[in-house]
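Single-letter residue listing:
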Amino acid sequence: VQLQAFGGGLVQAGGSLRLSCAASGRTFSDYTMAWFRQAPGKEREFVAGISRSGGPTYHSDSVKGRFTISRDNAKNTVYLQMNSLKPEDTAVYFCAADLRLLTVVVWKYDYWGQGTEVTVSS
């Protein structure tokens, strides 16, 4: 599967952005999907994940209540709605896919998009 993430940009603290990740190739609904992020000088970290059906989701504690992951299997797209953004949310955001069950572990995801940059100004 090929992934392309977009929707990043510059936003003021307290603002919102919606990231999208479009998939092509193999059947999209076969894949667990997730969003990760990587800030300068830091390791890539899990942000949110969603099961194949779009049912169970999981959000990291740092974004819970502010970010929401969702997917539209008919459009082969996964989304990350980000509200109440903070400067510490500044990072490159990556979407990832895997055929296995939802996990927060970076190296277990086999497929990655190119990343989209989010900058939150204070």
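Shown above is the structure to which this text applies.
Please read all numbers here as calculations on a predicted model, not as lab measurements.

## A look at the pairing of strand 7 (residues 67–72)
Of the two faces of strand 7, only the one carrying Phe67, Ile69 and Arg71 is buried; Thr68, Ser70 and Asp72 on the other face are not. As paired elements, strand 7 and strand 8 (residues 77–82) share six bridges and run antiparallel to each other. By the bridge assignment for strand 8, arginine 71 is matched with valine 78. If you look at the hairpin formed by strand 7 and strand 8, you'll find four residues sitting between the two strands, and asparagine 76 has a positive phi there, around 55 degrees.

## Digging into the environment of tyrosine 31
You can see tyrosine 31 is positioned in the loop between strand 3 (17–24) and strand 4 (32–38). On a C-alpha basis, the gap between tyrosine 31 and alanine 13 in space is 33 Å, while along the polypeptide they are 18 residues apart.

## Some remarks on the state of the cysteines
In this structure the tally under the stated criterion is one disulfide. Shown here is the disulfide that connects cysteine 21 with cysteine 95, its sulfur atoms set 2.1 Å apart. Taking the sign of the S-S torsion, about 60 degrees here, the bridge from cysteine 21 to cysteine 95 comes out right-handed. One end of the pair, cysteine 21, is in strand 3; the other, cysteine 95, is in strand 9 (residues 91–98), with 74 residues separating them in the sequence. Each member of the pair, cysteine 21 together with cysteine 95, is buried.

About the thresholds
- Residue positions are given per chain, counted from 1 along the sequence in the order it is written.
- Selection of residues for local features in this predicted model requires a pLDDT of at least 70, selection of side-chain atom pairs for listing and counting requires 80 or more, and totals for whole chains, interfaces and linings are taken over all residues.
- For the side-chain quantities, the full set of heavy atoms in the structure was used; hydrogens and water were omitted.
- When a residue's accessible area, from a 1.4 Å probe over protein chains only, is under 20% of the maximum for its type it is buried; when over 50% it is exposed; and in between it is partly exposed.
- By the criteria applied, helices consist of DSSP H or I runs no shorter than four residues and strands consist of E runs no shorter than two, each listed in order from the N terminus.
- Here, strands pair whenever DSSP counts at least two bridges between them.
- Disulfides are defined as cysteine sulfur pairs within 2.5 Å.

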